[in-house]
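A structural walkthrough
Here's the letter readout for the chains.
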Amino acid sequence: MVRLLYSSVLRLALPLWLARLWWRGAREPGYRQHLRERLGWGALQTPGALWVHAVSLGETRAAAPLIAALRERLPGVPLLLTHGTATGRAAGADLLQPGDRQAWLPIDTPGAVRRFLQHQRPALGVLMETEVWPNLQAQAAQAGVPIVLANARLSERSAAKGRRLAPLMRPALASMRCVLAQSEADAQRLRALGAGDVRVMGNLKFDLVPREDLLALGRRWRQWLKRPVVLAAVTREGEEQALLQAWLAQRSAWRAPARQAAVESDEAGQADAAESWPPLLLIVPRHPQRFDEVAAMVTAAGLQLGRRSAWTASKLGAFDEPPVDARACEVWLGDSLGEMALYYGLADAALLGGSFAPLGGQNLIESLACGCPMVVGPHTFNFAEATQGAIEAGAAERVASLSDAVARLQQWLSPDQAPAHAQRQAAGRTFAAAHRGAARRMADAVVEVWRERAAPRPWR
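Everything numeric here is computed off the predicted structure, so don't read it as measured data.

Comments concerning the overall build of the protein chain
Counting its regular elements, the protein chain contains 18 helices and 14 strands. Taken over the C-alpha trace, the protein chain has a radius of gyration of 24 Å; the compact-globule value for 460 residues is 23 Å, and the two agree within 12%. The C-alpha extent of the protein chain, read off along each of the three principal axes, is 85 × 40 × 40 Å. A burial count over the protein chain gives 53% of its 460 residues as buried. Partitioning the intrachain contacts of the protein chain with sequence separation of at least 6 by distance along the chain shows that 71% fall at a separation of at least 24. Summed over all atoms, the accessible surface of the protein chain reaches about 19,800 Å², with 55% contributed by carbon and sulfur. Averaged over its 54 positive side-chain charges, the protein chain has a centre that lies 10 Å from the centre of its 42 negative ones.

See below:
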């Protein structure tokens, strides 16, 4: 009865949901494409595909090492890759091989998910991280499609919501063939909500290897700049404005004493002008639709802005240096997709977006793997274990506010702190490398389910 009420609410909200997708499509055209798939309609997939659902960009990137490991173990099995966001679908296109398919995961009404399963006919489903949908689970169980929840995480805040929705969540989690949790804490919360076979496997994001060409390009840019670079990574709404205020308030203190002395000395006229500039602030917003909004904030603050997207119309990373005038900018905007390794290679240190407002933080593992230590805010509940481990390893530090973060980064990058900062960079690389292997373990578990699955039930 509760699921019937849930389904009725979704049906009533369907026109608003479709209108919202169309509205988002004004800024991200991908949302206006393949709209029929949002209701479960689509071309017939070759029966027997391995279905992986990665809702957004982060989950799609995390799925990449798992998909690679599954291809090794299940050669020749076609992949069905589904998403919920335009950035996730764009990133997922790079993971496809001949014979694979991509589609939107439909809204979670009984009719839409039934049509999706009938048209696509997957043999097994792998849902990434937190994608638990009551009707999808019920229809998959009815159709005999086993479902695995991979890289599963559940914060205490999400667990509290799950307890309030227990009549919906318990049956959905109980119907999972197995749940592959990131940590023991995640596993305990998932079991408490009704999941049965829960196994602790680690975090797939440790298995993501930064692209060496982008890392090297970022390091070349850093040498060309001849000034420290502070990265605000994957920032969220409300954080950029506070960051710019903190940056402006402390900007005068950023100039290193040695460089300032050189500029003020008799040899100042012979010194490279860049040596007297304060560090560069590099901002990379999490959502592409906010690039222009953040650019407007920077210029309104009176800071000279350089935009990554304006530097080349050719393939990403196809040139060695930004334009000469970008060197004098006070802020760079990383308004590109798929280049985080470049930005981490360019930066001396970073602050973690999403952690200075109660949003749960973002993934900091890639930053540490690139040797870019992090200052994090008080809100990291979505990545609690990885964040705490990085802090204990000496690769990250927690502060209370963005103003404190700017001050701490200023301390980290002072010339007398160079040896300690090198230790932080090395600690990050060591920490990231020590936790790899989740992709192999999860792939083995998925293949175990694949081999024991029953024959699909008749489609109705």
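Let's pick the thread back up.
What about the pairing of strand 12 (residues 349–352)?
Alternating positions in strand 12 separate into two faces, Ala 349 and Leu 351 on one and Ala 350 and Leu 352 on the other, with burial throughout. Sheet analysis places strand 8 (residues 229–235) next to strand 12, joined by four bridges and oriented parallel. Residue pairing across strands places Ala 232 opposite Leu 351, the latter belonging to strand 12. Bridge count between strand 12 and strand 13 (residues 374–376): two bridges; the pairing is parallel. Residue pairing across strands places Ala 350 opposite Met 374, the latter belonging to strand 13.

Quick look at the sheet that holds strand 14 (residues 396–398)
With parallel pairing, the seven strands of this open sheet are ordered in space as 10-11-9-8-12-13-14. Where the open sheet ends on each side, the last strands, each with one partner, are strand 10 (305–307) and strand 14. Pairs of neighbouring strands in the sheet enclose a mean axial angle of 20°, with direction left out of account. Note: strand 8 against strand 9 (residues 280–285), six bridges, orientation parallel. For Ala 233, the partnering residue across the bridge sits in strand 9 and is Val 284. Running at roughly 160° to strand 11 (residues 331–333), helix 9 (residues 212–225) makes contact with strand 8, strand 9 and strand 11 of the sheet. Running over the sheet, helix 10 (residues 239–250) touches strand 8, strand 9 and strand 12 and is turned about 175° from strand 9.

A closer look at the side chain of Glu 366
Positionally, Glu 366 belongs in helix 14 (residues 365–369). Within the structure, the side chain of Glu 366 is placed 3.2 Å from the side chain of Arg 61, a separation counted as a polar contact. Sequence-distant contacts of Glu 366, defined by excluding residues within four places in its chain, comprise Arg 61, Met 340, Ala 341 and Tyr 344.

So, helix 7 (residues 166–174)
Every α-helix carries 3.6 residues per turn, so stepping three or four residues along brings you back to the same face. Here helix 7 has its buried residues at Ala 166, Leu 168, Met 169, Ala 172 and Leu 173. Projected down its long axis, helix 7 carries its buried residues within an arc of 160°, all on one side. For helix 7, the secondary structure elements touched by its buried residues are helix 1 (2–24), helix 5 (134–143), strand 5 (147–152), helix 6 (156–164) and helix 8 (184–192).

Quick word on the sheet that holds strand 1 (residues 49–53)
Overall, parallel pairing links the seven strands, which are arranged 3-2-1-4-5-6-7 in an open sheet. Only two strands of the sheet have a single partner each, and these edge strands are strand 3 (101–104) and strand 7 (198–200). Put simply, the sheet's adjacent strands are angled 20° from each other on average, direction ignored. On the sheet, helix 18 (residues 438–452) packs against strand 1, strand 4 (122–128), strand 5, strand 6 (178–181) and strand 7 and is oriented at approximately 150° with respect to strand 4.

Section: the confidence of the model for the protein chain
Of all residues in the protein chain, 92% attain a pLDDT of 70 or more, and the chain-wide mean is 90. Ignoring residues within four places in sequence, the model shows residues 256–271, a span with pLDDT below 50, making 11 contacts including any to other chains. In this model, residues 313–317 is a region of pLDDT below 50 whose contacts with residues beyond four sequence positions or in other chains number six contacts.

Looking at empty space enclosed by the protein
With the rule as written, the count across this model stands at one cavity of 30 Å³ or more. Each pocket or cavity is described by its volume, and for the largest cavity that value is around 40 Å³. The residue makeup of the lining of the largest cavity, split by class, is two nonpolar, four polar and one charged.

Structural notes on the environment of Arg 308
Looking at where Arg 308 falls in the secondary structure, it is placed in the loop between strand 10 and strand 11. The class for Arg 308 is buried, based on a relative accessible area of 2%. Sequence separation between Arg 308 and Leu 333 is 25 residues; the distance between their C-alpha atoms is 6.2 Å. A polar contact is formed between the side chain of Arg 308 and the side chain of Glu 339, at a distance of 2.7 Å.

Quick word on the packing of aromatic side chains
All told, the structure shown has six aromatic pairs when counted by the stated rule. Here Trp 221 and Trp 311 contribute two aromatic rings whose centre-to-centre distance is 5.9 Å and whose plane-to-plane angle is 70°, an arrangement assigned as edge-to-face. Placement of Trp 221 in helix 9 and of Trp 311 in the loop between strand 10 and strand 11 is noted, with a sequence separation of 90 residues between them. Comparing Trp 221 with Trp 311, the two get one shared label, buried. Among the aromatic residues, those joined into a ring-pair cluster are Trp 221, Trp 311 and Trp 332.

What about the pairing of strand 5?
The side chains of a regular strand alternate between both faces of the sheet. Within strand 5, six of the six residues are buried, which leaves it mostly tucked inside the rest of the structure. Here strand 4 runs beside strand 5; their pairing, made up of four bridges, is parallel. Bridge assignment links Leu 127 to a residue of strand 5, and that residue is Leu 149. For the crossover that starts at strand 4, traverses helix 5 and ends in the parallel strand 5, the hand is right-handed. Both strand 5 and strand 6 contribute to a ladder of three bridges, which runs parallel. Across the sheet, Leu 149 pairs through a bridge with Val 179, a residue of strand 6.

How each quantity is defined
- Throughout this description, residue numbers start from 1 for each chain and increase along the sequence as written.
- Two thresholds apply to this predicted model, a pLDDT of at least 70 for residue-level local features and 80 or more for giving and counting side-chain atom pairs, whereas whole-chain, interface and lining totals are computed over all residues.
- Heavy atoms throughout the structure, all of them, feed into the side-chain values; hydrogens and water do not.
- Secondary structure elements are taken from DSSP: a helix is a run of H or I of four residues or more, a strand is a run of E of two residues or more, and numbering for both begins at the N terminus.
- Computation of the radius of gyration draws on C-alpha atoms alone. For the globule rule, the value is 2.2 Å times the number of residues to the power 0.38.
- The buried label goes to any residue with under 20% of its type's maximum accessible area, the exposed label to any with over 50%, and the partly exposed label to all in between, with areas taken from a 1.4 Å probe on protein chains only.
- The contact criterion used throughout is that any non-hydrogen atoms of two residues lie within 4.5 Å.
- Throughout, the Shrake-Rupley method with a 1.4 Å probe supplies accessible areas, and for residues the shown protein chains are the sole cover considered.
- Only four residue types enter the charge count, namely Lys and Arg as positive and Asp and Glu as negative; His and the chain termini do not.
- By convention, charge coordinates are those of NZ in Lys, CZ in Arg, CG in Asp, or CD in Glu.
- Strand pairing is assigned whenever DSSP detects at least two bridges linking the two strands.
- Only the contacting stretch of a helix is used when fitting its axis, a line to C-alpha atoms as for every element, and angles between N-to-C directions run 0 to 180 degrees.
- Here a polar contact is recorded for every N or O atom pair within 3.5 Å, except that within protein the pair must consist of a potential hydrogen donor and a potential acceptor, and residues adjacent in sequence are included only if both atoms are side-chain atoms.
- What the arc covers is the set of directions going from the helix axis to the C-beta atoms.
- Every residue carries a pLDDT, the predictor's confidence in it, which falls somewhere between 0 and 100.
- A cavity here means a set of points on a 1 Å grid, drawn over the protein atoms and nothing else, where a 1.4 Å probe fits but cannot get out; a pocket is an open set with protein on both sides within 12 Å along at least five of seven lines, and a residue lines either one if it has an atom within 4 Å of a point.
- Grid points are joined across faces, edges and corners, and a volume is the space filled by probe spheres set on the points.
- Each residue is assigned to one class: nonpolar for Ala, Val, Leu, Ile, Met, Phe, Trp, Tyr, Cys and Pro, charged for Asp, Glu, Lys and Arg, and polar for all the others, Gly among them.
- Stacked, tilted and edge-to-face are the three classes assigned to paired rings of Phe, Tyr and Trp, where Trp is represented by its six-membered ring and a pair needs centres within 6.5 Å; plane angles under 30 degrees give stacked, over 60 edge-to-face, the rest tilted.
- A crossover counts as right-handed when, viewed with the strands pointing away from the observer, the path leading from the first strand over the helix to the second turns clockwise.

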